[in-house]
Amino acid sequence: MARAKIALIGAGQIGGTLAHLAAIKELGDVVLFDIAEGTPQGKALDIAESGPVDGLDGDFSGANDYSAIAGADVCIVTAGVARKPGMSRDDLLGINLKVMKSVGEGIAAHAPDAFVICITNPLDAMVWALREFSGLPTEKVVGMAGVLDSARFRHFLAEEFNVSRKDVTAFVLGGHGDTMVPLVRYSTVAGIPLPDLVKMGWTTQERLDSIVQRTRDGGAEIVGLLKTGSAFYAPAASAIQMAEAYLNDQKRLLPCAAYVDGAYGLNGFYVGVPTVIGAGGIEKVVEIAMNEDEQAMFDNSVNAVKGLVAACKEIDPSLA
Ligand code: A3D
């Protein structure tokens, strides 16, 4: 069987890391695309030259022309600008919306059968716009945020409880922003829900609350440390997990910014929800029961995303 083809639209910090991870995991042939001349070619050649050392097969190429992504099975989109200190994800809206238009058109023309994973911020609005501009089926266009936000939550919890990160599961829903909803009741250590761990004296409610807040601020914490850009290792690892779920029909249950039509009282809207990813793309949106507080936080987050989508429609009336 032919190797899968993975097109990385945007060859910056995340794009380069994605390419390296895809190479190491032998997911298939990798094409890096960027408007910056030389960057995708240079990164592709550098990774290809690591192949003899690591024993890797696969083709690695870079391009500035969309024809290079022809027939891609997976497209991962990081094209655009990233945050600098003091900028919110929403500050990126106007610039990155234009980028989504060209990327959406490029994918529609050259890789219309691909599973498309958007990472560009502000995520929930950009994945919606990318879907609109590309015209691809909604189950084939998804945003990466929940896997990353949940991974941050899991890491902080594993540190707090001094247990393996492998034994911590966590759920973060809603929009990828300050209003994201870390769901404490659905997060566990080896199946023991966090509220029970508070009762067992493993931590206090105050410490748990501060971990929830640190998760919400997880992106800004890295931006503040790096000063010149935003996180890229964990975002890339998260998107690769989603790509693997699709390519290997794994039916993974992962929180993603998915098109929700009917569930959660939403009609045709992208927001972070639990999904099943397999060969069909987003095969299912899983509707979980929320209590009053969780529902209120989720509604607040949905409203923030609605505001961003409305702003997109104002900037580009073709989206209205
Ligand atoms: P960066 O290293 O700046 O790479 C972006 C790349 O996009 C650069 O190489 C640009 O040349 C390229 N680019 C710009 N315009 C275009 C275009 N029209 N077509 C093709 N390529 C273009 O950024 P990064 O890789 O660190 O981050 C990429 C995006 O991911 C940013 O918008 C970040 O805010 C976002 N991000 C999202 C998350 C989520 O969890 C959702 C996490 C971290 C970063």
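Definitions and limits used
- Residues numbered from 1 in each chain as written.
- Predicted model: local features only at pLDDT ≥ 70, side-chain atom pairs only at ≥ 80, totals over all residues.
- Heavy atoms only, no water.
- Salt bridge = Lys/Arg side-chain N within 4 Å of Asp/Glu carboxyl O.
- 1 Å grid on protein atoms, 1.4 Å probe; cavity = no way out; pocket = protein on both sides within 12 Å on 5 of 7 lines; lining within 4 Å.
- Points joined across faces, edges and corners; volume = space filled by probe spheres on them.
- Nonpolar A, V, L, I, M, F, W, Y, C, P; charged D, E, K, R; others polar.
- Helix = DSSP H or I, 4+ residues; strand = E, 2+ residues; numbered from the N terminus.
- Near = heavy atom within 4 Å.
- Polar contact = N/O pair within 3.5 Å; in protein donor to acceptor, adjacent residues only side chain to side chain.
- Areas by Shrake-Rupley, 256 points an atom, 1.4 Å probe, with all protein chains shown as cover.
- Sits in = over half its atoms within 2 Å of the grid points.
- UniProt positions renumbered as here; feature names shortened; annotations may be inferred.
- Buried < 20%, exposed > 50% of the residue type's maximum accessible area, 1.4 Å probe, protein only.
- Contact = heavy atoms within 4.5 Å.

## Here we look at the pattern of salt bridges
- Applying the stated criterion across every chain, the model contains 10 salt bridges.
- Here Glu132 and Arg131 are joined by a salt bridge, their closest N and O atoms 3.6 Å apart.
- Each of the salt bridges in this network shares a partner with another, and the network as a whole consists of Asp249, Lys251 and Glu283.

## With respect to empty space enclosed by the protein
- All told, the structure shown has 1 cavity of 30 Å³ or more when counted by the stated rule.
- Taken as a whole, the largest cavity encloses approximately 30 Å³ of empty space.
- Every residue along the wall of the largest cavity is listed here: Ala145, Gly146, Asp149, Val172, Leu173, Gly174, Gly175, His176, Met180 and Gly272.
- In terms of residue class, the lining of the largest cavity is made up of 4 nonpolar, 5 polar and 1 charged.

## Topic: the layout of surface pockets
- Volume-wise, the largest pocket comes out at about 770 Å³.
- Ile14, Thr78, Gly80, Val81 and Ala82 are, among the 39 residues lining the largest pocket, the residues nearest its centre.
- Looking at the lining of the largest pocket, the elements with two or more residues in it are helix 1 (13-24), helix 3 (93-110), helix 5 (146-161) and helix 8 (218-226).
- It is helix 3 that contributes the most residues to the lining of the largest pocket, 4 residues altogether.

## Thoughts on the site of the ligand
- The full set close to the ligand counts 27 residues, and Gln13, Ile14, Asp34, Val81 and Ile119 are the nearest of them.
- At a separation of 2.8 Å, an oxygen atom of the ligand approaches a polar backbone atom of Gln13.
- Interatomic distance of 2.6 Å between a side-chain N/O atom of Asp34 and an oxygen atom of the ligand.
- Considering the ligand on its own, with 870 Å² of exposed area, one finds that the protein chains cover 86% of that surface.
- One can see that the ligand is located within the largest pocket.
- For the shell around the ligand, the element with the most residues is helix 3, which contributes 3 residues.
- Considering only residue class, the shell around the ligand consists of 16 nonpolar, 10 polar and 1 charged.

## Some thoughts on the UniProt feature "binding site: substrate" (unreviewed entry) in the protein chain
- UniProt's feature table lists "binding site: substrate" (unreviewed entry) at Arg83, Arg89, Asn121 and Arg152, given in the numbering used throughout. The subset of the named residues that lines the largest pocket consists of Arg83, Arg89, Asn121 and Arg152.
- In this fold, Asn121 is placed in the loop between strand 5 (115-118) and helix 4 (123-134).
- Residue Asn121 is classed as buried on the basis of its relative accessible area, which comes to 17%.
- When neighbours within four sequence positions are excluded, Asn121 is seen to be in contact with Arg89, Leu92, Asn96, Met126 and His176.
- Along the chain, Arg152 turns up in helix 5.
- For Arg152, a relative accessible area of 11% gives the class buried.
- In contact with Arg152, not counting residues within four places along its chain, are Gly218, Gly219, Ile222 and Ala231.

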